Amino acid sequence: MKRRDFIRRSAFAGGALSVVDLRELLARPARADDFEFDAQERELAFVALDAARAAGATYADVRVARNRSQSVTTREQQITGLADNETMGMGIRVIAGGSWGFVATNLLTSDGVASAARQAVAQARANAVAQLRPVELAPAEVHRDGQWSSPVGIDPFEIAIEEKVSLLFEANGAALDVRGARFVNASFSFLREDKFFANTEGTVTNQTIYRTTPNVSVTAVADDGSDFQARASTDVPPRGLGWEHVLDSDLVGNAPRWAEEAVQKLSARSVEPGLYDLVLLPTHLWLTIHESIAHPTELDRVFGYEANYAGTSFIYPPADFLGRFRYGPEIMNIQGERSSPGGLSTVGFDDEGVRPRDYLIVRNGVLNDLQTTREQAPWLADWYRRSGQPVISHGCSYAQSWADVQFQRMPNVNLLPHPERDVPLDELIGGVENGILIDGNGSFSIDQQRYNAQFGGQVFWEIRNGRVGDMLKDVAYQLRTPEFWNSMDLLGGPSTYWVGGANNDGKGQPSQVNAVSHGCVPTRHRGVNVINTGRSA
Amino acid sequence: MAYLSRDEARALAQRVLGFSRSEQARVTINSGDTGNTRFAANQVSTAGDVSDTSVTVTTAFGRRVASSTTNRLDDASLRAAVETSERLAPLSPEDPEYLGELGAMPVPERDAVFPGTADLSPEARALAAAQVTAPAAERSLLSTGYIEHRTGSSAVMTTRGQFAYQASSNANFSTTVRTPDGTGSGWAGAGLFDWNELDASSLGAQAIEKADRSRGARDVEPGSWVTILEPTAVANMVGLMMGSLDARSADEGRSFFSRPGGGNRIGERFLDSRVTIWSDPLDPRLFSAPFNGQGLPNRREVWVENGVLGTLAYGRYWAERQNREPTGFVSGYYMEGGNATLDDMIRSTERGLLVTRFWYIRGVDPRTILFTGLSRDGTFMIEDGQIAYPVKNLRWNESPIFMLNNVEMMGRPVRVSPSESSEVSPAVVVPPLKVRSFTFTSVSDAV
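What you see is a predicted model; the values in this text were computed from it and never measured. (Residues numbered from 1 in each chain as written. Chains lettered and ligands numbered in written order. Predicted model: local features only at pLDDT ≥ 70, side-chain atom pairs only at ≥ 80, totals over all residues. Heavy atoms only, no water.)

Got a minute to help me understand the overall build of chain B in this structure?
Along its length, chain B carries 10 helices and 19 strands. Taking 447 residues into account, the globule formula puts the C-alpha radius of gyration at 22 Å, and chain B, at 24 Å, falls close to it. Here chain B holds 447 residues, and the buried ones make up 63% of them. The long-range fraction of contacts in chain B, counting pairs at least 24 apart against all pairs at least 6 apart in sequence, stands at 73%. Only carbon and sulfur atoms are counted for the fraction: they give 47% of the accessible area of chain B, which is about 15,700 Å². The centroid of the 45 positive side-chain charges in chain B is displaced by 4 Å from the centroid of its 53 negative side-chain charges. (Helix = DSSP H or I, 4+ residues; strand = E, 2+ residues; numbered from the N terminus. Rg over C-alpha atoms; globule rule 2.2 N^0.38 Å. Buried < 20%, exposed > 50% of the residue type's maximum accessible area, 1.4 Å probe, protein only. Contact = heavy atoms within 4.5 Å. Areas by Shrake-Rupley, 256 points an atom, 1.4 Å probe, with all protein chains shown as cover. Lys, Arg positive; Asp, Glu negative; His and termini not counted. Charge placed at Lys NZ, Arg CZ, Asp CG, Glu CD.)

What is the right way to read the packing of aromatic side chains from this model?
Aromatic rings in a pair are described by how distant their centres are and how their planes are angled relative to each other. Within this structure, the stated rule accounts for 31 aromatic pairs over all chains. With a centroid separation of 6.5 Å and 40° between ring planes, the pair formed by Phe39(B) and Phe173(B) is classed as tilted. Of this pair, Phe39(B) sits in strand β1 (residues 24-40) while Phe173(B) sits in strand β5 (residues 163-178), placing them 134 residues apart in sequence. For the residue pair Phe39(B) and Phe173(B), the accessibility class agrees, reading buried in each case. Arranged with centres 6.2 Å apart and planes meeting at 50°, the rings of Tyr317(B) and Trp318(B) form a pair that is tilted. Aromatic rings pair up to connect Phe314(A), Phe321(A), Phe325(A), Tyr327(A) and Tyr451(A) into one cluster. Across the ring face of Tyr389(B), the terminal group of Arg218(B) is positioned such that the distance to the ring centre comes to 3.8 Å. Across from the ring centre of Phe256(B), 4.5 Å away, lies the NZ or CZ of Arg265(B), which sits over that ring. (Phe/Tyr/Trp six-rings, centres within 6.5 Å; stacked < 30°, edge-to-face > 60°. Lys NZ or Arg CZ within 6 Å of the ring centre and 35° of its normal.)

Mind showing me how you'd approach the environment of Ser224(B) here?
Residue and element names in this part refer to chain B. Its location among the elements puts serine 224 in strand β7 (residues 223-229). Owing to a relative accessible area of 53%, serine 224 belongs among the exposed residues under this scheme. It is 8.7 Å that separates the C-alpha atoms of serine 224 and arginine 436, two residues lying 212 residues apart in sequence. If we ignore the near neighbours within four places in the chain, the residues touching serine 224 are Ser437 and Phe438. Among the polar contacts made by the side chain of serine 224, one reaches the side chain of serine 437 at a distance of 2.8 Å. (Polar contact = N/O pair within 3.5 Å; in protein donor to acceptor, adjacent residues only side chain to side chain.)

Quick question: what am I supposed to make of the nonpolar core here?
One recurring pattern in soluble globular proteins: nonpolar side chains tend to sit buried together. Within the largest apolar cluster, 64 residues are counted, with the highest numbers of intra-cluster contacts made by Tyr327(A), Met332(A), Leu367(A), Leu415(A), Ile436(A), Tyr477(A) and Trp485(A). Of the residues forming this core, the biggest block, six residues, is contributed by helix α8 (residues 282-294) of chain A. In contact with Leu367(A), other than residues within four places in its own chain, are Thr297(A), Ile315(A), Phe321(A), Leu322(A), Gly323(A), Arg324(A), Phe325(A), Tyr327(A), Ile361(A) and Val362(A). Counting residues in hydrophobic clusters, the runner-up holds 53 residues, among them Ala233(B), Ala235(B), Val275(B) and Leu433(B). (Core = buried A, V, L, I, M, F, W, Y, C linked by side-chain atoms within 4.5 Å.)

Whenever I open this one, the sheet that holds strand β15 (residues 412-415) of chain A confuses me. Can you help?
Hydrogen bonds along the backbone pair up the strands of a sheet, which may run parallel or antiparallel. Residue and element names in this part refer to chain A. Here four strands make up an open sheet; going across it, the order is β12-β11-β10-β15 and the pairing antiparallel. Strand pairing shows two members of the sheet lacking a second neighbour, β12 (366-367) and β15, which therefore form its edges. Strand direction decides the pairing type here: strand β10 (residues 334-337) and β15, joined by four bridges, are antiparallel. When the bridges of β15 are listed, glycine 336 appears paired with valine 413. (Pairing = 2+ DSSP bridges.)

Put into structure tokens, the structure is as follows:
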């Protein structure tokens, strides 16, 4: 996309962009390489597609991507790193002889990409040697000129380094002003990915994707050196937005609270293990949703394709679960989408050119659908036909960069608000006699079929007789996925909805990271097993 | 494309630094080819071959430092990368910890490129996969697995005269075999420098046997168990400690290795006296990294000697401030063992658990290096000196510190596939262990 278009779209989508900012942006000259990318990528992509076809590929797609990333890292009042990185190349995926082949190269010349395309076809034929079933793709709508860009208000790469450093130092200073806060690390990282896609069916898309990640962590150390405790800014998640997300995050305003909580943890009471009612704030719950709902509903995992690393799923065989398995109570609805503005997984088109649709993974507490790519949608053909749905991909194909093959990754997976009324957080807490309120995500671990999980948090508060009391520490809860979600007796309404997420969701071999957001409301769970994680050496 | 040779890397580095306007600059080059093949449901599912070269230039004006990376190698792009770092550096505040670039100094030299790995083709990978998929299919089992190999080079050149170069090969093979009804699962894997040393069918046979043998796992009480850990599980645990050796965190009072009242625990006995762990860039069993990203040579480091903390990991700045020699950070390590075989350990156990590997390992409490995770792909009950029956997988909350204070028996060290994702990684060589106590906190239904 041309820079001019980028600014026009941003002005509509951003919301946080003031008139003055916009004028400033428009006044800056566009960089030459913003224009250069378009023409080159198109030409080379078609050279590679032609070479793949000529070598015998029955299908091919290419992605030409340029990732620009910038990181600024600090501790206390010191800079510890300032880096501006770029990587560019082409990934070529083909089907030949019924098998996949994939080759990626940074050699962006006609000869280089044509040779890589032929290599991909040869590799596919090698892979076909012991083939049992040929790859088949579900039909997909052809998009001849798909265009999309993250709804960025202020391009983070246009903000001066001095402003970035100064904001981090100010946040660090605000944290260190709190007595007992000894160390603070704060950083920004920004990504802009220009991604061009074309396949042999005629789909051509061009997208610009942004991510902005602010991060702060404060450590307090006891005066006698007997203890140390940290508080991370997990309530400020990464987003598919621009600099406006940094401004909205108010690091300077929040830093004293993070620091105070780190200090308070030093003297907090260590939890008594046992069964508790839990009230989980969205700042914490998004990760529990990620692990216990979003991962087990990945279809490649369900069919055993990830068994050697990421694992399989308790949802097997899917025919016994779809439309039948009660994931949770009637009030529980789980949505998969790649359309919410600012969502980390949000795109116009996935990495095989499919426009993703919003859909319900859990409807009224019952498993309703799974996450698919074009290769996988036909695996659920019986269910889709039975439930009157088309056998097409949900648009969950993704690769972390040009050098990685695309495969099934989760969309933004959200727990929707209470379907009937705007339940406030106070009502959830008010119904608890003996419980714990958990704020922020912390330690997390779950088994390879997504049954048994253990989660910590950032800050834990005792709930007694419907009121929030003292801070606790050394808290982790253990769960079994179906029982845990069915122990939920109430969840917040639309006004309590909040979006968390992460840039580092890992899956696949070689492991690739996926960036994904999870919107959710606070929930209340009855009788959950809490352990004490504190041990002395 | 192949990886850059010493001369090619030197020429590229000189070309980059030729664009530099600063007295203090450094270029780091990583180049190479990575190949992989995945298999699932007894056939190849995907594969990939990737060539890339990345060039990072770091510029300092005084103590103002910034870096920029590109993988485009034409003059215009390289010049642009240099200019980006030169544009950013003056905008950065002064870094009081920047010590300047290194002058010429020798780095350990070794030949760690293996043609059997460097020349591995997609066809050969597919044939290796078939050595597992075919016997698994014959037994009506489902095999999945992953093969990865990389041969590449890295180089560092500074404007002060340092030039460091190394090239190496590395490969990894792993497979998980499952029963079609989902009641049994077995894993086997290995890391190696030379692909020609791989015995894929033997690893496949181990995974197949474990899958068969783990059908119908029984319940088991969580709690403290006598536990025999196969080498992969040992590496899963010991790696957590090796990643916690940062001297600065210890001196700042925020590490297990902090000494209450100040300083760190170097010289203190903190593990069983049989535990010795070292790294060595020249030892052919390890070939740990010969230099770091600044071009600083690494040497042999004994991290733990007979249970005593030998040293912590010191970067240049912290070493200078504490008046010590920099050590580099751990990349690959060798843990000494003993003479016991796995069979000896099983025979000597009246009641205990046998663990193949661990999974989803995440930190819980850095004060004790306490982590949580689960067993998977082959967990068995031992009774009266024999493997009695398979048991369900268990979640643990445990620290390598506690584990290495509870050592009962040690076996012969072997190179393992230490990462949960089975990617190529620095060599890790560890023994199997029998420990008196390992803390399992709940049972999992996952197979």
